[in-house]
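Listed below, chain by chain, are the residues.
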Amino acid sequence: MSTLQLFCRGRLSWGLLALSGVVLELAALFFQYGMDLSPCVMCIYVRVAVLGLILAGLIGMLQPTWWILRFVGLVGWVVSAVWGFRLAYELNNMQVNPSPFATCSFYPEFPSFMPLDVWLPSVFSPTGMCSDLPWTWLSVSMAQWMMVCFAIYALIWLAMLVPSLKPAK
C-alpha cells in the first residue's frame, strides 16, 4: 500500500481536516468578537460550509479503515468545499459589484429542523451587511481568502480521492 493510501486510512489525515476547519471557525469568531467585525448572512453560510468540513473530518476519523465512512467523509468534504467556494464567490461578487437591487437577507434561512441561528446565535446569527468590505489583507478581502481556502480544500480532496477509494492490498 502506498504512503498516501496509508495516510488516507489514518486518523491523522481526517483529524487535520477537522482541525483546519476548527481553526477557520475560531478565526471567524476572532474577527467577529476580537476585531468587532459583523458577519453578514453569507458569512454565516460560509461558516456552515466550514462546519461541514469539520463534520466530514470527524466522520472520517470515526473509523478511517472502513471504506463506507471514508466515502461519506469524502462526499461531505467535497460538497462543503464546493458549496463554500460558491458562497464565498457570491459574497465577493456582492462586495466587488455592489448593487442596491441585489442584497442579501438580514436573516439566515436555515431549515426548520436545524435552526443554527436559534441554537447558537453567538456563532450563526448575522449582524452585518453583505456589501460591506470590512477587512482586507494584502489587498485581498476575507471572501477572496475564503475562496482560496475552499479551492485548496477541493484540490487536497482531489489528491486524496483515488488513494482513499483504492482497495487495500
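Coordinates for the structure precede this section.
Quick look at the structure, then. Quantities reported herein were computed from a predicted structural model and do not represent experimental measurements.

Here we look at the overall build of the protein chain
Secondary structure assignment for the protein chain yields 7 helices and 2 strands. Start at the N end of the protein chain and walk to the C end: the helices and strands fall as α-α-α-α-α-α-β-β-α.

Thoughts on the packing of aromatic side chains
Under the counting rule described, the total for this entry stands at 3 aromatic pairs. Ring geometry for Trp14 against Trp77: centres 5.8 Å apart, planes inclined by 75 degrees, an arrangement best described as edge-to-face. Of this pair, Trp14 sits in helix α2 (residues 11-34) while Trp77 sits in helix α4 (residues 67-96), placing them 63 residues apart in sequence.

What to know about unusual backbone geometry
Even without glycine at this site, Asp36 takes up a positive phi of about 60 degrees. Mapped onto the elements of the fold, Asp36 is located in the loop between α2 and α3 (41-62).

Topic: α2
In an α-helix, one turn spans 3.6 residues, which is why side chains three or four residues apart end up on the same side. Between its first and last C-alpha, α2 extends 32 Å over 24 residues, near the 34 Å set by a 1.5 Å rise per residue. Those residues of α2 that sit buried are Ser13, Trp14, Gly15, Leu17, Ala18, Gly21, Leu24, Glu25, Ala28, Phe31 and Gln32. Of the residues flanking the end of α2, it is Asp36, one or two places downstream, whose phi is positive at about 60 degrees.

Some details on the state of the cysteines
If you walk through the whole model with that rule in mind, you get 0 disulfides. Not engaged in a disulfide, the cysteine Cys43 finds its nearest cysteine sulfur in Cys40; these two sulfurs lie 3.2 Å apart.

Rules and cut-offs
Residues numbered from 1 in each chain as written. Predicted model: local features only at pLDDT ≥ 70, side-chain atom pairs only at ≥ 80, totals over all residues. Heavy atoms only, no water. Helix = DSSP H or I, 4+ residues; strand = E, 2+ residues; numbered from the N terminus. Phe/Tyr/Trp six-rings, centres within 6.5 Å; stacked < 30°, edge-to-face > 60°. Expected span 1.5 Å × (residues − 1). Buried < 20%, exposed > 50% of the residue type's maximum accessible area, 1.4 Å probe, protein only. Disulfide = S-S within 2.5 Å.

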